[in-house]
Amino acid sequence: NAGVTQTPKFRVLKTGQSMTLLCAQDMNHEYMYWYRQDPGMGLRLIHYSVGEGTTAKGEVPDGYNVSRLKKQNFLLGLESAAPSQTSVYFCASSSPETKNIQYFGAGTRLSVL
Amino acid sequence: KQEVTQIPAALSVPEGENLVLNCSFTDSAIYNLQWFRQDPGKGLTSLLLIQSSQREQTSGRLNASLDKSSGRSTLYIAASQPGDSATYLCAVIVSGQNFVFGPGTRLSVLP
């Protein structure tokens, strides 16, 4: 059982470049989330999705876009990367059927130069 | 706006000691509270979830309590082991989709 899988694990970008982070879950969860984790600031919610074809903004959505074309996948896009987006990005999924216990991926470490 | 704090920020204890980690939140209108463990360079692993109607949950050597009225939760670890060394985060769940995380407590258990 793979759980939540994030790709890639590491990435270095130059300012202005674009990229997409992929999150895949095999638990048939309805809800999926993207967080960023920065030193001393805890995890902050970027965007989330409550089902296929639906997305919503979290606490820090600026500079990011998301898509949930399939229930098992949640994509996070950076259209024009900035140094302030250097962070560790985590994807998570949950289901109301299991009390919304969140299951996390291993993270993507992104550096923007 | 819901804010979550955790005290202490870091803790170092000798092996075998019992310890308590604290989590405080500013708004008592929460659905649930969840404790996680994070190992260096890894994702978060759920330890315990306490529903708002519950006072505590136990799993092995871990016991988590919740006092909504005072905005506090504690995570009790009994007979600590070096393998317990990690960062522990709490998160309050204000809706099905809105988790607010604390900054974490970094625990070191010395052999």
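Details of the structure are given in the entry above.
Residues numbered from 1 in each chain as written. Chains lettered and ligands numbered in written order. Predicted model: local features only at pLDDT ≥ 70, side-chain atom pairs only at ≥ 80, totals over all residues. Heavy atoms only, no water.

J.: How would you summarise the state of the cysteines if you had to cite specific residues and measurements?
T.: Enumeration over the complete set of coordinates arrives at 2 disulfides over all chains. Covalent S-S linkage joins Cys23(A) and Cys91(A), the inter-sulfur distance amounting to 1.9 Å. Here the disulfide of Cys23(A) and Cys91(A) is left-handed, its torsion about the S-S bond being about -75°. With a gap of 68 residues between them, Cys23(A) in strand β3 (residues 19-25) and Cys91(A) in strand β9 (residues 87-94) connect regions that are remote in the sequence. Residue classification places Cys23(A) among the buried positions, given a relative accessible area of 0%. On the basis of relative accessible area, Cys91(A) is assigned to the buried category, the value being 0%. With its sulfur 2.0 Å from that of its partner, Cys23(B) forms a disulfide with Cys90(B). For the disulfide bridge between Cys23(B) and Cys90(B), the dihedral angle about the S-S bond is near 75°, and by the sign convention the bridge is right-handed. Placement of Cys23(B) in strand β3 (residues 19-25) and of Cys90(B) in strand β9 (residues 86-93) is noted, with a sequence separation of 67 residues between them. (Disulfide = S-S within 2.5 Å. Helix = DSSP H or I, 4+ residues; strand = E, 2+ residues; numbered from the N terminus. Buried < 20%, exposed > 50% of the residue type's maximum accessible area, 1.4 Å probe, protein only.)

J.: Would you mind going over the sheet that holds strand β7 (residues 62-67) of chain B in detail, with residue names and values included?
T.: All names here are of chain B. The 5 strands lie next to each other as β1-β3-β8-β7-β6, forming an open sheet whose pairing is antiparallel. Each end of this open sheet is capped by a strand with a single partner; those strands are β1 (4-7) and β6 (56-59). Each strand axis lies, on average, 15° off the axis of its neighbour in the sheet, ignoring direction. Here β1 pairs with β3 via 4 bridges, running antiparallel. Paired with isoleucine 7 across the two strands is asparagine 22, which belongs to β3. (Pairing = 2+ DSSP bridges. Axes fitted to C-alpha atoms, helices over the stretch in contact; angles between N-to-C directions.)

J.: Run through the nonpolar core, naming residues and quoting values.
T.: The biggest cluster of nonpolar side chains holds 23 residues, and the ones touching the most others in it are Leu33(B), Trp35(B) and Leu75(B). Elements with a contribution of two residues or more to this core: β3, β4 (32-38), β5 (44-51), β7, β8 (72-77), β9 and β11 (105-110) of chain B. (Core = buried A, V, L, I, M, F, W, Y, C linked by side-chain atoms within 4.5 Å.)

J.: Could you give an account of the layout of surface pockets, naming the residues involved and the relevant values?
T.: Over the atoms, a rolled probe matching the size of one water molecule traces out where space is still vacant. Reported here for the largest pocket is a volume of approximately 590 Å³. Taken together, 29 residues make up the lining of the largest pocket; nearest its centre are Gln37(A), Gln38(B), Pro40(B), Gly41(B) and Thr87(B). Counting residues per element, the ones that place at least two in the lining of the largest pocket are β4 (31-38), β9 and β11 (108-112) of chain A together with β9 and β11 of chain B. Here the second largest pocket is characterised by a volume of approximately 420 Å³. Listed by contribution, the elements that provide at least two residues to the lining of the second largest pocket are β5 (42-51) of chain A together with β10 (99-101) of chain B. It is β5(A) that provides the largest number of residues to the lining of the second largest pocket, a total of 4 residues. (1 Å grid on protein atoms, 1.4 Å probe; cavity = no way out; pocket = protein on both sides within 12 Å on 5 of 7 lines; lining within 4 Å. Points joined across faces, edges and corners; volume = space filled by probe spheres on them.)

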